[in-house]
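Here are the chains, one letter per residue:
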Amino acid sequence: MTYAQNKPELETSEVDDSLKGEYMSSLRMIERLHRLLLDVVKDEFERNGCSEINSIQALLLYNIGESELSAGELRSRGYYLGSNVSYNLKKLVDMGYIHHERSDSDRRSVRVKLTDKGQEVCDIINGLYGRQLNALEKVAGISEGNLSEVNKSLLQLERYWTDQIRFRL
């Protein structure tokens, strides 16, 4: 029996229809926003004439920043899935954006840090985010307070989902 065949049906009698509608709308919005962020980053790199890396790789470089990390640390911070981060790190090393070195204490572990080329990508993302921050309230009408409330709700949702996984609720 597949998961789809065994999937429990949402008991509509147990859930307020308006809550269900808002929850489903939020889930779709989270997915859509992630895809849009990737498109915004892709567009920024196309404008800069850089088509060598994709938006996921650019954000990976940005999230490494000044740090020296292992792939496991990137995964544990919640940024990436295992195979995704390993594949992209290998590609970025091959293209010269990341320098990697085996850990002295654990030869299986590889530490990565940005090369100058990788730092340039990080700088492009910083510039993009800086321009967006300067225009966020003026153009989109989004204030610090608005973002604070969104972040609070998203953090609560993250904790809820983490508990669902951790405690198999």
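These figures come from a predicted structure and were not determined experimentally.

Criteria and cut-off values
Note that residues are indexed from 1 along each chain, following the sequence as it is written. Only residues with pLDDT of 70 or above have their local features reported here, since the model is predicted, and side-chain atom pairs are shown and tallied only from 80 upward, although totals for entire chains, interfaces and linings are computed over all residues. Hydrogen atoms and water are omitted, and side-chain values are computed over all heavy atoms in the structure. Every helix listed is a DSSP run of H or I at least four residues long, and every strand listed is a run of E at least two residues long, numbered separately from the N terminus. For each residue, the accessible area found with a 1.4 Å probe, counting protein chains only, is set against the maximum for its type, and the residue is called buried under 20%, exposed over 50%, and partly exposed in between. Strand pairing follows a simple DSSP-based rule, namely that at least 2 bridges must link the two strands. Only heavy atoms enter the contact rule, under which two residues are in contact if any of them lie within 4.5 Å. Throughout, an axis means a line fitted to C-alpha atoms (over the contacting stretch in the case of helices), and angles, computed between N-to-C directions, take values from 0 to 180 degrees. Surface patches are drawn from residues lacking salt bridges whose relative accessible area is over 30%; two like charges belong together within 9 Å, two nonpolar side chains (Val, Leu, Ile, Met, Phe, Trp, Tyr) within 5 Å. All accessible areas in this document rest on Shrake-Rupley with a 1.4 Å probe, and a residue is counted as covered only by the protein chains that are shown. We define a salt bridge as a side-chain nitrogen of Lys or Arg found within 4 Å of a carboxyl oxygen belonging to Asp or Glu. Neither His nor the chain ends contribute to the count of charged residues, in which Lys and Arg are positive and Asp and Glu negative. Taken as the charge centre is NZ of Lys, CZ of Arg, CG of Asp or CD of Glu, depending on the residue.

A. Highlighting the overall build of the protein. Per the secondary structure count, the protein includes seven helices and three strands. Reading the secondary structure of the protein in the N-to-C direction produces α-α-α-β-α-α-β-β-α-α. Put simply, the protein has 169 residues, and 21% of those count as buried.

B. Seen up close, the sheet that holds strand β3 (residues 110-114). Spatially, the three strands line up as an open sheet ordered β1-β3-β2, and their pairing is antiparallel. If you trace the sheet from one side to the other, it starts and ends with β1 (69-70) and β2 (98-102), each paired once. Taken together, the five bridges between β2 and β3 define a ladder with antiparallel strand orientation. What sits directly across from H100, in β3, is V112. Sheet contacts for helix α3 (residues 55-64): β1, β2 and β3; angle to β3, the most-contacted strand, approximately 95°.

C. Seen up close, a negative patch on the surface. There is a patch of like negative charges on the surface, built from E66, D116, E120 and D123. Position of D116 among the secondary structure elements: in helix α6 (residues 116-140). For D116, a relative accessible area of 67% puts it in the exposed group.

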